[in-house]
Amino acid sequence: MGLDINTKKLKKNAFRVSKKRGIGASRIRVPGGYLNAEVLGMVQEIAQTYGNGYVHLTTRQGFEIEGIRFEDMDEINEKLQPIIEMLDINQDEAGKGYPASGTRNISACIGNNVCPFANYNTAELAKRIEKEVFPHDLHFKIALTGCSNDCAKARMHDFGIIGQTMPQYDPSRCVNCQACVKGCKSLSVDALRVENYKIVRDTEKCIGCGVCVTKCPTRALTRSKKKYYKLTIMGRTGKRNPRLGEDFLVWADADNIIKIIKNTYAFVDKYISPDAPARKEHIGYIIDRVGFEEYKKWALEGVELMPETIMKNNIYWGGIHFDR
Amino acid sequence: MTNHYIPQLSTIKEVIKHTDLEYTFRMTFDGEAKPGQFFEVSIPKYGEAPISVSGIGEGTVDFTIRRVGKVTNEIFENYVGDKFFIRGPYGNGFEIDNYKGKELVVVAGGTGLSPVRGVVDYFAHHTGEAVSTTVIAGFKSPKDVLFKDDFKFWNETINVIQTVDSAPEGYEGPVGMVTKYIPDLKFENIENTAFICVGPPVMIKFTVMEILKLGVPEKNIWVSNERKMCCGLGKCGHCKIGSTYICLDGPVFNYVDGKELID
Amino acid sequence: MGYQLSKTKADGIFHQWAKKYDIFAPMLMEGEGCFSDTDIVRYGKVEKLDDIEWNKKSDYSFKEVLLAINETLFYFTEDQTTVPKGPEKDILIFLRSCDLHAVKRLDEIYLKNGFEDFYYARVRERAKFILMGCENTCQSGFCVSMGTNKSDNYDAYIKVTEDAVYMDVKCSELNEGVCAEAMTTEEIKVADVAPDYVTENIEKVTLPKNLSNASFTKEIWQEYGARCIKCGRCNFVCPTCTCFTMQDIFYKDNEKVGERRRVWASCQIDGYTEMAGGHGFRKSQGDRMRFKVMHKIYDYEKRFGYPMCVGCGRCDDVCPEYISYSNCVNRLAKEESES
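Residues numbered from 1 in each chain as written. Chains lettered and ligands numbered in written order. Predicted model: local features only at pLDDT ≥ 70, side-chain atom pairs only at ≥ 80, totals over all residues.

1. Describing the overall build of chain C
Per the secondary structure count, chain C includes eleven helices and twelve strands. Over its C-alpha atoms chain C spans a radius of gyration of 22 Å, differing by no more than 12% from the 20 Å that the globule rule assigns to 339 residues. Over its C-alpha atoms, taken along the principal directions, chain C stretches across nearly 65 × 60 × 45 Å. Considering chain C as a whole, with its 339 residues, one finds that 46% of them fall into the buried category. At a minimum sequence separation of 6, the contacts of chain C that also span at least 24 residues come to 73%. (Helix = DSSP H or I, 4+ residues; strand = E, 2+ residues; numbered from the N terminus. Rg over C-alpha atoms; globule rule 2.2 N^0.38 Å. Buried ≥ 20, exposed ≤ 12 C-beta atoms within 10 Å, placed from the backbone. Contact = placed C-beta atoms within 7 Å.)

Next comes the structure, spelled out in C-alpha cells:
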C-alpha cells in the first residue's frame, strides 16, 4: 500500500516534505529565538526517537528535526505539545501540532536581555507579535532587532522592527567630555555637535540608536521612558527582486506597529494574486502591483500615530532586479 | 567670604607690540605683584588664560601675551581702547633676595622671558647687588625678539647674549639654541652662582642638563613651570604634579624640588 | 538622642525637616542607567523616607550636591559680573560612612589648600549629614581597609527596618524637628541607637608603603593604560575627585551677555593638561592611570597626611573595561612586598 498523504495539510501542520520519499522534517517555531533550555531536551528526544538524530537550527531561529517518517507525524505532534505550551504558541487543538506555517516564526536578535546596544526586549515583543498574528497561512516574515545595527537583518523582512531611543539630555549633568559626539561620529551617523560647551542633536539626522547614551559617563544622556521603534517594510530575499525594506514609520510605538501588521493580512487577503502558488506571494510584490497608496489605506486603518512619529508618505524600493 | 573667582576690570594703558604674535599689555592694577607670578586674564565669553607678570609699574602690571589660543586670540582682536578682566596675582614668583650677591645667569626662551623680565631688569638697574648678571635669551628668529627696548638698556649694564634659533643670511647677531652658550660661561665661584631657567618644557630640560654639566649645584638653579591653570586657587586640579600644585607652590621652583616634578 | 519610632512618625519628622532643609538622598532613577531597561542610583531631592534608596550603594556619590556638575560662577554683561544666589534652604544629605569620610577630602581641597572656595563654602556651611548605616558590606567597597567604615561625625543617623525607624540625632537643630513631631503625636520612644557599620569587606586592599617617583616607570600603568578608553567614569563617580574646568558661554540671543561656569573635569579625558597652543602633558593613558592612582593613595597623603581614597569601590563598579583600581593598588603592594 503506497503512502497516501495530503502534503498541503502536512505543510500547514509545519512539517516539510524532504528529498527522500516518505521522509520529512518537523519544524518548531521559537518566537524571538528565546527559549527555556528545557525545550532543547524535548527537541533532542524527538530527534533521537523519530528522526535521524540531527537537528537544523533554522535561519529563522526555529528547529527543524530531520529524518522523520510521515507515519509518525501524529505521535510527533503529541510530543511537540509540551514545547508548544512552553513557548506559548497559539493552537487550535491540543496534541495536533502547529495549526499553520504560512506566517513564519518571528525572529529577533538577542535584544536588551543581554546586548548593551539593544533598545528594548526583542524576545518579549516578538512573543507579543506572535500571539497577535499566529496562526495564519499567509506568508508573512517579521523580524525584530534591538538597534539600528540590525543584527537580525530586520530590513530583509516584510516587516522589520528596529529599536530606537529618543535621547534625553540634561545639560546640567553634561561635562562636555564629548564622548557622545565622538561615539556618534565613529559608530553612528554623526548627529551631535557642541555649541557653547553643550550638545546639540540634529533631530533630522538622529536615528535613535542610543550610542550616545551608552557613551555618556555622567548620565547627562539617558534613554526615553517611552520605547520607540522604526518600522521598515517590504524587504525581501528571493529570485526576482531582492531588496532591503524601507522606513515606513520612525519613532513609532509597538501598538500601532502591531495594528499595521494585522491590517496587512486583510490587504493581502484582498489583493493576493489568484495565480499565487499555494497562496504564497511576497507582500512586497502585491504592493508593487497595487500601489503603495492603496496599501497605506489598508495598513493605517484604525491607526492613530503619536505626534512624534514620522510616517513616510512615499516609498520607493530599490534592490536588484532579475526580472527585467 | 571673598569670592576669588570674580575678576576685576582693568583698563589697558598701553600696548607694546613686540612681534605680530606677541604684545605687552600695560594694565591698571593696584596691588602687589612679583615677577614670576601670574594672573588669570579674561575676556568674558572667551574664557580665562593664565598670563605671567612681565612688569610692574606705578598702578600698572604688564602682561606679555603670545597669541596661541582662543582667549589670547580674542585679546589681540578686541583690545583696542578696551578693558580686560583680571584676577590675581597667583603663585610664588621670583624672590629677588635669592639672587643678590650671586653670579646670576638667566636663561629664557621666547615668551619665557616675560616672567623673568622683572628680575633681569632689577639687576640691570641695581648692578651692584649681584656679582654679575648674564641673560641668555633665545628667540625663534630675529623678527620674534621681544623686549627690544629692554635689551638696549640691558646691553649697557649687564651681559646679554640674545640669540635666535635661525636667521636669514646676513644676520650678524648670535645664532643657535640657548644651550649652545652655556658651556662657555665663566664663573669666579661656581658655588656662588644662581641660574634661572624659563621657557618651554623641552628647553628647560636641555638647559638644565647643560647647567649641571658645569658643576653647578642643583640648589643654585630655579625653574618656572608652565601648566594648564584654570583657577589659580588650588582647586581645579589641572596643574597638579605629584603632591604639588603649580599655581600655589610654584610656578617658580628651586631645581632641588623642581626635578621631582614629573607630570 | 536615640529614638525608636514608627514609619509614620519618622515621615512626620522628615516633613518637619523638609520645612527648613532641602533633603538630598540616593534615589533609584528608573530606566536612567547606561543600558536599556537599567536603573541607576544617584542623588536627588527627596520628599519622604520612601523616596530614598536604602539598599543599593549609589552609583554616583553625594558630591554633586556640594559641588554641582555645572556651577555658574557669575553672569556677565560687557563690564559687570553678577554672582548667582546660593542655596535658598539649608541642606540635608543622606550618605554612608565612606562618603562622609569623603566630605573631609572635599573640604580639604575646597576650604583649605590655598584659598577658600566661595561657592563650595556657601553650600557646605549650610549642609548637615545624615548617616545611612551599612549592615552588610557592598560587593566592591573596601572601607575597612581604608578606615572609613565607621563614622561618628554625623548630624543624625537613620535606620529603617520593616516595622520601625531608628534615629540617633546629634544635631540640636535636627532634634527640634523630632521634638516638634513628638509634641503633635504620640510618644516617640527613647532608645539606644548606634550606627550599623561593616567590619569586614569582600574586597581587601593593602596600600603600598614605598611609592615614589620611581614607581612611575612600572609596567602596570601601561598595562592598564592599554585597556583604558579614557571615558572618565571613574572620576565622575568618585566621591573624592574634585577637578573642574572653566567654561565661558554667551547667550545666543544676546551675545554680549553670558556666564562663566565651572564644570567637573576628569584627569583621564583628553585635554585635561592641554594648554593654549596645544602643548599637553600625560598624553599616554598609562600615565593618566598612574596619575589618578598615585593621587588617591600617595600624592594627596603626602600633602595632607592621609590617603584620599575612601574605598567606596564605585570606580570598580562603573569601569566599562573592567579595570579594577582596587586590584591595581593591591598589585602595587604585592610587587613591593615581593621585591
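There's plenty left to go through after this.
2. Some words on the overall build of chain B
Within chain B, the secondary structure is distributed over six helices and 14 strands. The C-alpha atoms of chain B give a radius of gyration of 18 Å, which matches the 18 Å a tight globule of 263 residues would have. In terms of overall dimensions, chain B has C-alpha extents of about 50 × 45 × 35 Å along its principal axes. Across the 263 residues of chain B, 53% fall into the buried class. Intrachain contacts of chain B at a sequence separation of at least 6 include 68% that bridge at least 24 residues.

3. Examining the interface of chain B and chain C
How big an interface is tends to be expressed through the accessible area that disappears when the partners come together. With 35 residues of chain B in contact, the opposing surface of chain C contributes 37 residues. For the side of chain B that touches chain C, the secondary structure elements donating two or more residues are strand S4 (47-57) and helix H1 (70-78) of chain B. Top contributing element to the side of chain B that touches chain C by residue count: S4 of chain B, with three residues. When grouped by side-chain class, the residues that make up the side of chain B that touches chain C number 15 nonpolar, eleven polar and nine charged. (Nonpolar A, V, L, I, M, F, W, Y, C, P; charged D, E, K, R; others polar.)

4. Description of the sheet that holds strand S11 (residues 221-224) of chain B
All names here are of chain B. As summarised here, the arrangement of the six strands in space is S9-S8-S7-S10-S11-S14, forming an open sheet in which the pairing is mixed. Because the sheet does not close on itself, it has two edges, and the strands there are strand S9 (159-164) and strand S14 (252-254). Between one strand axis and the next, the sheet turns through 15 degrees on average, direction left out of account. Pairing between strand S8 (residues 132-139) and S9: six bridges, direction parallel. By the bridge assignment for S9, Phe139 is matched with Val164. Contacting strand S7 (103-109), S8, strand S10 (193-198) and S11, helix H2 (residues 113-125) runs over the sheet at an angle of about 150 degrees to S7. (Pairing = 2+ DSSP bridges. Axes fitted to C-alpha atoms, helices over the stretch in contact; angles between N-to-C directions.)

5. Quick notes on the pairing of strand S10 (residues 198-201) of chain A
All names here are of chain A. Bridge analysis of strand S9 (residues 192-195) against S10 gives four bridges, and the strand direction is antiparallel. Looking at the pairing, Arg193 lines up with Val200 of S10. Hairpin remark: S9 followed by S10, antiparallel, with two residues in the connecting loop; positive phi at Asn196, about 55 degrees.

6. Observations concerning the pairing of strand S6 (residues 142-145) of chain A
In regular strands, side chains alternate between the two faces of the sheet. All names here are of chain A. By the alternation rule, side chains of S6 split into Ile142 and Leu144 and Ala143 and Thr145, which are all buried. By the bridge criterion, two bridges tie strand S5 (residues 107-108) to S6 in an arrangement that is parallel. Counterpart to Ser107 in the pairing with S6 is Ala143. Considered for its hand, the β-α-β crossover made up of S5, helix H4 (residues 122-133) and S6 is left-handed. Bridge analysis of S6 against strand S7 (residues 159-164) gives four bridges, and the strand direction is parallel. When the bridges of S7 are listed, Thr145 appears paired with Ile162. (Right-handed = clockwise from strand over helix to strand, strands pointing away.)

7. Overview of the interface of chain C and chain A
Contacts between chain C and chain A engage 21 residues on the former and 22 residues on the latter. Of all the elements in the fold, those that place two or more residues in the side of chain C that touches chain A are strand S3 (40-45), helix H8 (233-237), strand S11 (244-251) and strand S12 (254-264) of chain C.

8. As for the environment of Ala180 of chain C
Residues and elements named next belong to chain C. Structurally, Ala180 can be placed in helix H6 (residues 172-184). Ala180 gets classed as partly exposed once you count the C-beta atoms within 10 Å, which come to 15. Along the primary structure Ala180 and His295 are separated by 115 residues, whereas in three dimensions their C-alpha atoms are 46 Å apart.

9. Re the sheet that holds strand S7 (residues 127-132) of chain C
All names here are of chain C. On the basis of which strands lie adjacent, the open sheet formed by eight strands has the order S3-S2-S6-S7-S8-S9-S1-S10 and mixed pairing. Edge strands, defined here as strands with exactly one partner in the open sheet, are S3 and strand S10 (189-190). Sitting on the sheet, helix H1 (residues 7-20) is in contact with strand S1 (2-5), strand S2 (21-29), strand S6 (90-96) and strand S9 (165-169), with an inclination near 125 degrees to S2. Running at roughly 125 degrees to S6, helix H3 (residues 97-110) makes contact with S6 and S7 of the sheet.

10. A few points about the arrangement of the chains
Ranked by contact count, the leading pair among the two pairs of chains in contact consists of chains B and C. Separated without contact, chain A and chain B have their nearest C-alpha atoms at a distance of 9 Å.

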